[in-house]
Amino acid sequence: MTGSLRQRKRLTRTALPAAVLLVVSGAVAVQSTAPAAAAETTLRAAAAKAGLFFGVAASPNRLYPIVGQEFNQLTPENDMKPDRIATSSGGLQNTGGADTLVNHAQSNNMLVRGHTLVWHSQAGALQGASQATLNTFIGNAINRWGSKIAYWDVVNEALEDNNTGRRRNQWPHTMNRDANGDGDYFDAGDTDVIRDSFIRAKQVVQAGGYSTKLCINDYDVEGLTVQGGGPNRKANALYDIVRTYRQYIDCVGFQSHFNDNPNSIITNDLQANIQRFADLGVEVHLSEVDIDDDLSNNDIGAGQAENYRKVVRACLNVPKCTGITVWGISDSESWRSSERGLLFTGGNGNYQKKAAYHAVLDELNKGRTTTPPTTTPPPTTPPPTTPPPTTPPPTTPPPTTPPPTTPPPTTPPPAAGCSATVSLNSWPGGFVATVRVTAGTSPIRGWTVQVTLPAGTTVTGTWSATASGASGSVQFTNVSYNGAVNAGQSTEFGFQGTGTATGLTPVCTAS
């Protein structure tokens, strides 16, 4: 993404807590709880030790030594976009810049993220092309670099701005999707540029035997909520796409261009949103990070450093968050240079580390946590205060044989209906619930799940289901693409809310 592509409104300035930093003779030092002897001294080394990559977006004229020293992943900022390398027939041209970046990455043992194949902007000669032409370009680009590309952004920025939860109306997202006219955009008879582009990419990867993973990438999808606590509909729409096309999608990029736009702020439920995507089995990457100094009242010292800590820690707390990439090296060279959102000042190879750099390095050196503090793991057994009895209570001697007319069931009785279980990701004041609906011994055509919420708890958003009500007894009904479930098989839906959701007992009814 470049600065000319998207202008964001500046609406409010939010002051955030300061990081634990000391200023001594003009130099910034970061207090760390990590043992000094164990600390790594570069971002790439600390990230590798923590089990993720830490990358940077770059262009061929900015491959300074710092790129290989500090980063272990490289994203071409512009040199793999269609307007640089695509012909109108889906062929390739002008790949010299991209080749330079890939070769530099290989020489420095860095992963490469291909960016990007299908995008409404910077489409160049592909603007207005058919799906067949897009498929040709997808095949040519993936085959050009093969497994040298660890991750490809197959589809980029498919969803509208302003938190509508809808797809964009620009090409190629206006391609007819409801081909059979039934109002359902997800069934096999329809045309969907997102699905069809991923199918083509997956075919090429499999045919070539490549190790490349296929990603969908978007911005303003980072939190479960937006400023004011309302649901992040754009994030929910992305979740729906990934869940529906999970067999083709390997990874999700949260661009993470954080600023004071109400849909772009750093929310306390960032980690919970990363976790729910990770629960689908995909890798999650913070793929284009920069943090506007407006979010720290123009403080590029302790305030901005604390914001970077929060973002990096949210990723580290989720095992399947496997990479963070900053969108440029220094503030002066950023597409958002006036917002001073990166880890270095200076330019042209002469860079100075900011407080944010030290904060990121410190968090990476602390490593991952085994149990994220803001996550409530889904209960798999009854609470430990009430262990399931393995024998009858001691005051009642166990019968040597059960009464012949009432044999004790050893498994749940067969049911032709459905059952539902719920798992929670919680944080102070809010939660995300993922509900799994499982068909019984016979296929079902539809389902309804009733959940009774505790007093003071309110549903603020729902995906892959239609909710009736927002508090008290709430019913969730299947949508068009997930009502039919084969015997013994499952589907999932989710909802988010304010308050607490502990002790939920979902009741499923099949139709």
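About the cut-offs
- Residues numbered from 1 in each chain as written.
- Predicted model: local features only at pLDDT ≥ 70, side-chain atom pairs only at ≥ 80, totals over all residues.
- Heavy atoms only, no water.
- Buried < 20%, exposed > 50% of the residue type's maximum accessible area, 1.4 Å probe, protein only.
- Helix = DSSP H or I, 4+ residues; strand = E, 2+ residues; numbered from the N terminus.
- Pairing = 2+ DSSP bridges.
- Axes fitted to C-alpha atoms, helices over the stretch in contact; angles between N-to-C directions.
- Core = buried A, V, L, I, M, F, W, Y, C linked by side-chain atoms within 4.5 Å.
- Contact = heavy atoms within 4.5 Å.
- Salt bridge = Lys/Arg side-chain N within 4 Å of Asp/Glu carboxyl O.
- pLDDT = per-residue confidence, 0-100.
- Disulfide = S-S within 2.5 Å.
- 1 Å grid on protein atoms, 1.4 Å probe; cavity = no way out; pocket = protein on both sides within 12 Å on 5 of 7 lines; lining within 4 Å.
- Points joined across faces, edges and corners; volume = space filled by probe spheres on them.
- Nonpolar A, V, L, I, M, F, W, Y, C, P; charged D, E, K, R; others polar.

**Observations regarding the pairing of strand β15 (residues 430-439)**
Moving on, step 1. The element β15 is extensively covered by neighbouring structure, given that eight of its ten residues are classed as buried.
Moving on, step 2. By the bridge criterion, nine bridges tie β15 to strand β20 (residues 490-498) in an arrangement that is antiparallel. Looking at β20, one finds that Thr-434 is bridged to Gly-494.

**Let's talk about unusual backbone geometry**
Moving on, step 1. Here the bond from His-115 into Thr-116 is cis, since omega is 10 degrees, no more than 30 degrees from zero.
Moving on, step 2. With an omega of 0 degrees, the peptide bond between Trp-171 and Pro-172 qualifies as cis.
Moving on, step 3. You can see Pro-172 is positioned in the loop between β6 (151-156) and α6 (193-208).
Moving on, step 4. The residue Ser-256 is not glycine, and still its phi comes out positive at about 65 degrees.
Moving on, step 5. Tracing the backbone through its elements, the reader meets Ser-256 in the loop between β8 (251-254) and β9 (257-258).

**Some thoughts on the sheet that holds strand β19 (residues 473-477)**
Moving on, step 1. Taken together, four strands build an open sheet; the order of strands is β18-β19-β16-β21 and the sheet is antiparallel. Single-partner strands in this sheet number two, and they are β18 (466-468) and β21 (507-510). The average undirected angle you get between the axes of adjacent strands in this sheet is 25 degrees.
Moving on, step 2. In this structure, strand β16 (residues 447-452) lies alongside β21, joined through four bridges in antiparallel fashion. By the bridge assignment for β21, Trp-447 is matched with Ala-510.

**Looking at the nonpolar core**
Moving on, step 1. Membership of the largest hydrophobic core comes to 98 residues, with the highest contact counts inside it found for Phe-54, Trp-152, Ile-216, Leu-343 and Leu-364.
Moving on, step 2. Apart from the residues lying within four places of it in its own chain, the contact partners of Phe-54 are Leu-43, Ala-47, Glu-70, Phe-71, Asn-72, Gln-73, Ile-324, Val-326, Leu-343, Val-360 and Leu-364.
Moving on, step 3. Counting 24 residues, the second-largest nonpolar core is a separate cluster that includes Ala-420, Ala-433, Ala-439 and Val-451.

**Describing the pattern of salt bridges**
Moving on, step 1. Tallied over the entire structure, the rule returns 24 salt bridges.
Moving on, step 2. Residue Arg-309 pairs with Asp-362 through a salt bridge whose shortest N-O separation is 2.9 Å. You can see Arg-309 sitting in helix α9 (residues 302-316) and its partner Asp-362 sitting in helix α10 (residues 355-366), a full 53 residues away along the chain. By the burial criterion, Arg-309 is buried, and Asp-362 matches it.
Moving on, step 3. Here Lys-366 and Asp-362 are joined by a salt bridge, their closest N and O atoms 3.6 Å apart. Placement of both Lys-366 and Asp-362 in helix α10 is noted, with a separation of four residues, approximately one turn of the helix.
Moving on, step 4. Judged by its relative accessible area of 6%, Asp-362 falls in the buried class.
Moving on, step 5. The network of salt bridges with common partners includes Arg-309, Arg-313, Asp-362, Glu-363 and Lys-366.

**Looking at the confidence of the model for the protein chain**
Moving on, step 1. In this model, the protein chain carries an average pLDDT of 85, and 82% of its residues clear a pLDDT of 70 or more.
Moving on, step 2. Scored below 50 in pLDDT, residues 2-37 shows 77 contacts in the model against residues more than four places distant or in partner chains.
Moving on, step 3. Here residues 370-414 is a poorly scored stretch, pLDDT under 50, and it has 20 contacts once near neighbours within four places are set aside; other chains count.

**Section: the state of the cysteines**
Moving on, step 1. Throughout the structure, instances matching the rule amount to three disulfides.
Moving on, step 2. The disulfide partner of Cys-215 is Cys-251, and the gap between their sulfur atoms is 1.9 Å. Across the S-S bond of Cys-215 and Cys-251 the torsion is about -85 degrees, and the bridge reads as left-handed. With Cys-215 in strand β7 (residues 213-218) and Cys-251 in strand β8, the pair connects residues that are 36 residues apart, well separated along the chain. For the pair shown, Cys-215 and Cys-251 are each scored as buried.
Moving on, step 3. What connects to what in the protein chain, once the bonded cysteines are numbered by sequence position, is 1-2, 3-4, 5-6.

**Considerations on empty space enclosed by the protein**
Moving on, step 1. Taken as a whole and assessed by the stated rule, the structure comprises two cavities of 30 Å³ or more.
Moving on, step 2. Taken together, Ala-57, Ala-58, Ser-59, Arg-62, Glu-77, Trp-327, Gly-328, Ile-329 and Glu-333 make up the lining of the largest cavity.
Moving on, step 3. Its residues assigned to classes, the lining of the largest cavity shows four nonpolar, two polar and three charged.
Moving on, step 4. There is about 30 Å³ of room inside the second largest cavity.
Moving on, step 5. Lining the second largest cavity are Asp-290, Ile-291, Asp-292, Ser-334, Arg-336, Glu-339 and Gly-341.

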